[in-house]
Each structure stands twice: as structure tokens, then as C-alpha cells.
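For reference, the chains in residue letters:
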Amino acid sequence: MIVRVERTVPFARDAVYAWWTDFREDDHGSRHAPASSHREILRRDGNEVWLRDRATRPAPVTLQEHVVLEPPDGYAVEARYPGADVHYAYRFEATEQGTRISLVADIQPRHVGRILLPLFRGRVERYAARDTDYHLRSMNQDLTSPASGRGPPR
């Protein structure tokens, strides 16, 4: 199953890339986030980052993620979910309006996921859009507020 989400924001591509790849432990810590999880940054090595997300909502799950940064165009992630292998990428393209952000996720079900994923396709697509929009609201606040609580990207 392929999931796509595309949005355009009024910020320069370099600022979008810097914000989006500034992985932090509290990225899903807000009560407004569609998922509730605690992120551990396990290791960084050049353009690679290894993460562990321990989610409690929408379902309790621990995910290991391998991120490959592709500055300034985006990044790709490989993750193994309980019922699927997921490969997704965010791409950032400069436009006259700012930056087009595109998410493409390739979800390959395994085991019980082969039965459940087709049943929950709409929910998965809506979740991807809600999660992207949540991050866009956070980015908008951080990039337009001079006294942002997130601070500058690291």
C-alpha cells in the first residue's frame, strides 16, 4: 500500500529541511499530537540517524527506525511495525510559494497485517495526513515565533 501526503508551506526549503530533520525526544509529546510517543535518539553517524519510538497512542508499540538524511532534499526512513515493514520518505521541493513537502510511504504488510491493513487503509491514510499537519502546525509556530520553545535546529 502506498500512502501520499503533500502540503506547501511559506518557508524556504533550507529552513523546512533543518526543522523537519531536527529529531527530538519530545516530537510527539504534545497532547495535540495524533500519536503519543517518547523518542530516543540511539545514534547519529554522518547522514544516518537511528531512533527508537515508544508509542502509547494510538496503540502501544516500540519502533526502531533508521533514517537516511538527504540534505537539503529530504530524508528516508525504514521501520518495522508489528504487522508491516514501512519505508517512507519526506521530500522538500522549493516552489514560488515556499516549499512543497511530500510524504510517500510504502507499507508492506506481514503476517496479520495482510488481513488488517486493507481494512484500515482509510484510517492509515488519515493518520498520515493528521501527523503531517500536526508537524506543519508545530513548524509554523517555531519558524514564525521569535521566542519559540523549541529553539533553533541543532
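Residues numbered from 1 in each chain as written. Predicted model: local features only at pLDDT ≥ 70, side-chain atom pairs only at ≥ 80, totals over all residues. Heavy atoms only, no water.

(A) Here's a closer look at the overall build of the chain. Across its full length, the chain holds three helices and seven strands. Traced from its N-terminal end to its C-terminal end, the chain shows the element sequence β-α-β-β-β-β-β-β-α-α. In the chain, which comprises 154 residues, the share counted as buried stands at 41%. Of the contacts made within the chain by residues no fewer than 6 positions apart, 50% connect residues no fewer than 24 positions apart. Of the roughly 8900 Å² of accessible surface on the chain, 52% is carried by carbon and sulfur atoms. (Helix = DSSP H or I, 4+ residues; strand = E, 2+ residues; numbered from the N terminus. Buried < 20%, exposed > 50% of the residue type's maximum accessible area, 1.4 Å probe, protein only. Contact = heavy atoms within 4.5 Å. Areas by Shrake-Rupley, 256 points an atom, 1.4 Å probe, with all protein chains shown as cover.)

(B) Here's a closer look at the nonpolar core. Of all hydrophobic cores here, the largest spans 30 residues; its most connected members are Trp20, Tyr75, Ile101 and Met139. Every element with two or more residues in this core is listed here: strand 1 (2–9), helix 1 (13–20), strand 3 (48–57), strand 4 (61–70), strand 5 (74–81), strand 6 (84–95), strand 7 (98–109) and helix 3 (121–144). By residue number, the principal contributor to this core is strand 6, which donates five residues. Excluding residues that lie within four positions of it along the chain, Met139 makes contacts with Val9, Phe11, Val16, Trp19, Trp20 and Ile101. (Core = buried A, V, L, I, M, F, W, Y, C linked by side-chain atoms within 4.5 Å.)

(C) Region of interest: helix 1. Within the span of helix 1, buried status applies to Val16, Tyr17, Trp19 and Trp20. The arc enclosing the buried residues of helix 1, seen along the axis, measures out at 165 degrees, which places them on a common side. Considering only its buried residues, helix 1 is in contact with strand 1, strand 4, strand 5, strand 6, strand 7 and helix 3. (Arc of directions from axis to C-beta.)

(D) Structural view of the environment of Ile107. Within the secondary structure, Ile107 sits in strand 7. Separated by ten residues in sequence, Ile107 and Leu117 have C-alpha atoms that sit 8.9 Å apart. Beyond its immediate stretch of four places on either side in the chain, Ile107 contacts Met1, Val3, Ala84, Asp85, Val86, Leu117 and Val124.

(E) Fine view of a nonpolar patch on the surface. A cluster of nonpolar side chains, namely Val112, Ile115, Leu116, Leu119 and Phe120, defines an oily patch on the protein surface of about 490 Å² accessible area. Tracing the sequence through the fold places Ile115 in helix 2 (residues 113–119). (Patch = residues over 30% accessible without salt bridge, like charges linked within 9 Å, V, L, I, M, F, W, Y side chains within 5 Å. Salt bridge = Lys/Arg side-chain N within 4 Å of Asp/Glu carboxyl O.)

(F) Main features of the pairing of strand 7. As judged from the eight bridges shared by strand 1 and strand 7, these two strands associate in the antiparallel manner. Counted as the bridge partner of Arg7 is Ile101 from strand 7. Bridge analysis of strand 6 against strand 7 gives twelve bridges, and the strand direction is antiparallel. Residue pairing for strand 7: Ala84 is matched across the bridge by Pro109. Connecting the antiparallel pair strand 6 and strand 7 is a turn made up of two residues. (Pairing = 2+ DSSP bridges.)

(G) The arrangement of unusual backbone geometry in detail. A cis geometry characterises the amide bond from Pro71 onward to Pro72, with omega recorded as -5 degrees. Relative to the assigned elements, Pro72 resides in the loop between strand 4 and strand 5. The phi dihedral of His111 is positive, around 50 degrees, even though this residue is not glycine. Inspection of the secondary structure assignment puts His111 in the loop between strand 7 and helix 2. Classification of His111 by relative accessible area gives exposed; the value is 59%.

(H) The packing of aromatic side chains, seen in detail. Summed over the entire model, instances satisfying the criterion amount to seven aromatic pairs. Their ring planes at 80 degrees and their centres at 6.2 Å tell us that Tyr17 and Phe92 sit as a pair that is edge-to-face. Taken together, the residues span a long stretch of sequence, with Tyr17 in helix 1 and Phe92 in strand 6 at a distance of 75 residues. When sorted by exposure, Tyr17 lands in the same class as Phe92, which is buried. One aromatic cluster is present, formed by Tyr17, Trp19, Trp20, Phe23, Tyr75, Tyr88, Tyr90 and Phe92 through successive ring pairs. A cation over an aromatic ring shows up here: Arg43 above the ring of Trp50, its NZ or CZ 3.8 Å from the ring centre. (Phe/Tyr/Trp six-rings, centres within 6.5 Å; stacked < 30°, edge-to-face > 60°. Lys NZ or Arg CZ within 6 Å of the ring centre and 35° of its normal.)

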